[in-house]
Amino acid sequence: MTRDEVLRRYPRIVAHMICESLGYFTPLAAANALLAYKLDLPFHCEMYMWMAQSFNDDKVREVGRNFLERAIRNRHNHTGYMADFKLAMTAVQAELEGCGPKLASWF
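For clarity, every value in this text was computed on a predicted model and none was experimentally measured.

A. How the structure looks around the overall build of the protein. A tally of regular secondary structure across the protein gives six helices and zero strands. Ordering the α and β elements of the protein from the N terminus gives α-α-α-α-α-α. The principal-axis extent of the C-alpha atoms belonging to the protein is close to 35 × 30 × 25 Å. Burial status across the protein gives 43% buried among its 107 residues. Of the contacts formed within the protein by residues at least 6 apart in sequence, a portion of 51% connects residues at least 24 apart.

Given below as structure tokens:
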């Protein structure tokens, strides 16, 4: 499975990961993080390493798993400033159409 396949197959989960990150993740970054989870690999992004307070693969992998679980568990709360699901889905849809954000920011 590739990042693009993850994005196409799980757009809602990707959008919820963007919301849970408060806009830190772009659609492609969230899809990469989800792919790493599915492959049981650590995703060494700045946010995960800060949350793990470590570069250790096992700790970063655990943070990624916990982050994904939180994104799914909190999915009904993804509304409002910096965590709006509809806006995150707009970003995911734009990425699927080939014109996604180039920087980690909301539009």
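Past the structure itself, the notes keep going.
B. The side chain of His-78, seen in detail. Along the polypeptide, His-78 turns up in the loop between helix H5 (57–73) and helix H6 (85–96). Of the residues examined, His-78 reaches a relative accessible area of 5% and is grouped as buried. Residues contacting His-78, with those up to four places away along its chain left out, are His-16, Cys-19, Glu-20, Ala-71, Ala-83, Asp-84 and Phe-85.

C. A look at the side chain of Ser-54. Topologically, Ser-54 is positioned in the loop between helix H4 (46–52) and H5. On the basis of relative accessibility, which here comes to 17%, the residue Ser-54 falls in the buried class. Reaching out from Ser-54, the side chain makes a polar contact with the backbone nitrogen of Asn-56 at a distance of 2.8 Å. Those residues in contact with Ser-54 that sit more than four places away from it in its chain are Met-49, Lys-59 and Val-60.

D. Quick peek at the nonpolar core. Core analysis: the largest hydrophobic core is formed by 30 residues, its most contacted members being Val-14, Met-17, Ile-18, Phe-25, Leu-34, Phe-43 and Tyr-48. Of all the secondary-structure elements, those providing two or more residues to this core are helix H1 (3–9), helix H2 (11–20), helix H3 (27–38), H4, H5 and H6. Considering each element in turn, this core owes the most residues, six residues, to H3. Residues contacting Tyr-48, with those up to four places away along its chain left out, are Met-17, Phe-25, Ala-33, Phe-43, Val-60, Val-63, Gly-64 and Phe-67.

E. Spatial organisation of the packing of H2 against H5. Two numbers describe how H2 lies on H5: the axes approach to 9 Å, and their chain directions differ by 100°. The pairing of H2 with H5 is recorded here as roughly perpendicular in orientation. Each of Ile-13, His-16, Met-17 and Glu-20 in H2 lies in contact with H5, whose residues at this interface are Phe-67, Leu-68, Arg-70 and Ala-71. When its residues are assigned to classes, the contact of H2 with H5 shows five nonpolar, one polar and two charged.

F. Geometry of the environment of Met-49. Mapped onto the secondary structure, Met-49 falls in helix H4. Residues Met-49 and Glu-62 lie 13 residues apart in sequence; the distance between their C-alpha atoms is 11 Å.

G. How the structure looks around the packing of H2 against H3. It is at 9 Å that the axes of H2 and H3 come closest, and there the two elements cross at 110°. Classed by the angle they form, the pair H2 and H3 counts as roughly perpendicular. On the side of H2, the interface is formed by Ile-13, Val-14, Met-17 and Ile-18, while H3 contributes Pro-27, Ala-30, Ala-31, Ala-33 and Leu-34. Residues of the contact of H2 with H3, tallied by class, amount to nine nonpolar, no polar and no charged.

What counts, and at which threshold
Residues numbered from 1 in each chain as written. Predicted model: local features only at pLDDT ≥ 70, side-chain atom pairs only at ≥ 80, totals over all residues. Heavy atoms only, no water. Helix = DSSP H or I, 4+ residues; strand = E, 2+ residues; numbered from the N terminus. Buried < 20%, exposed > 50% of the residue type's maximum accessible area, 1.4 Å probe, protein only. Contact = heavy atoms within 4.5 Å. Polar contact = N/O pair within 3.5 Å; in protein donor to acceptor, adjacent residues only side chain to side chain. Core = buried A, V, L, I, M, F, W, Y, C linked by side-chain atoms within 4.5 Å. Axes fitted to C-alpha atoms, helices over the stretch in contact; angles between N-to-C directions. Parallel < 35°, antiparallel > 145°, perpendicular 65-115°, else oblique. Nonpolar A, V, L, I, M, F, W, Y, C, P; charged D, E, K, R; others polar.

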